[in-house]
Amino acid sequence: MPCLYISTNINLDGIDTDPIFSEATTAISTIIGKPEKFVMVLLKGSVPISFERNKEPAAYAELISMGGINSEVKRKLISTIGTILQTKLSIPRTRFFLKVFDTTVFRNNSKM
């Protein structure tokens, strides 16, 4: 189940966030190749964030997935989610950081 957790310093009160959830869910499903029904998206606003020594609009996100992650997938996720945040919240793509983690990379095949 892929889970995307986005934190931003933007105040989300009064902003229609439904398109962000919808577009992010579809993008993750399409790029990683997992059904939309297994994709979880969390969005938290008004988080104090300082980036490049200022507090202008910015976002930090973590995506955790059980498989489906490689270098090309990471590039597509960063680009696509960055574009969604730029379009919907006016966060420049240069002020967005995405950490991607594949839980299967460190799987231990020990039979203990």
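Structural data are supplied above this passage.
Model, not experiment: these values are computed from the prediction.

**Observations regarding the pattern of salt bridges**
Here comes step 1: Under the counting rule described, the total for this entry stands at four salt bridges.
Here comes step 2: Across the pair R75 and E72 runs a salt bridge, and its minimum N-O distance is 3.1 Å. Here the residue R75 and the residue E72 both occupy positions in helix α2 (residues 71-89), the gap between them amounting to three residues, near one helical turn.
Here comes step 3: We classify E72 as partly exposed; its relative accessible area is 38%.

**Here's the deal with the environment of A59**
Here comes step 1: If you trace the backbone, A59 turns up in strand β3 (residues 59-65).
Here comes step 2: Residues A59 and K44 lie 15 residues apart in sequence; the distance between their C-alpha atoms is 9.8 Å.

**Observations concerning the pairing of strand β2 (residues 40-44)**
The two faces of the sheet receive side chains in turn, since in a regular strand these alternate between them.
Here comes step 1: Across the two faces of β2 the burial differs, with V41 and L43 buried and M40, L42 and K44 not buried at all.
Here comes step 2: Bridge count for strand β1 (residues 3-8) against β2 is five bridges, and the pairing is parallel. Directly across from I6, in β2, lies its bridge partner L43.
Here comes step 3: You can see the chain leave β1, run along helix α1 (residues 18-33) and come back into β2, and the turn it takes is right-handed.

**A look at the pairing of β1**
Here comes step 1: Counting buried residues in β1 gives five out of six residues, a clear majority hidden from the surface.
Here comes step 2: Pairing of β1 with β3 involves six bridges; the strand directions are antiparallel. If you follow L4 over to β3, its bridge partner there is L63.

**So, the packing of aromatic side chains**
Two descriptors summarise a pair of aromatic rings, namely the distance from one centre to the other and the angle between the planes of the rings.
Here comes step 1: Evaluated as defined, the whole model comprises one aromatic pair.
Here comes step 2: Centre to centre, the rings of Y60 and F97 are 5.9 Å apart; their planes meet at 10°, and the pair counts as stacked. Of this pair, Y60 sits in strand β3 while F97 is found in strand β4 (residues 96-102), placing the two residues 37 residues apart along the sequence.

Scoring rules and cut-offs
- Positions within a chain are numbered from 1, following the residues in the order the chain's sequence is written.
- Per-residue local features are limited, in this predicted model, to residues with pLDDT of at least 70; the limit for side-chain atom pairs, both in listing and counting, is 80 or more; totals at the level of whole chains, interfaces and linings are taken over all residues.
- Side-chain numbers come from the whole structure's heavy atoms, not from hydrogens or water.
- Think of a salt bridge as a Lys or Arg side-chain nitrogen and an Asp or Glu carboxyl oxygen that are within 4 Å of each other.
- Strands here mean DSSP runs of E at least two residues long; helices mean DSSP runs of H or I at least four residues long; both are numbered from the N terminus.
- Only protein chains enter the area calculation, which uses a 1.4 Å probe; residues under 20% of their type maximum are buried, those over 50% are exposed, and those in between are partly exposed.
- Two strands qualify as a pair provided DSSP detects at least 2 bridges between them.
- Here a crossover is taken to be right-handed if, once the strands point away from the viewer, the path from the first strand over the helix to the second is traced clockwise.
- Stacked, tilted and edge-to-face are the three classes assigned to paired rings of Phe, Tyr and Trp, where Trp is represented by its six-membered ring and a pair needs centres within 6.5 Å; plane angles under 30 degrees give stacked, over 60 edge-to-face, the rest tilted.

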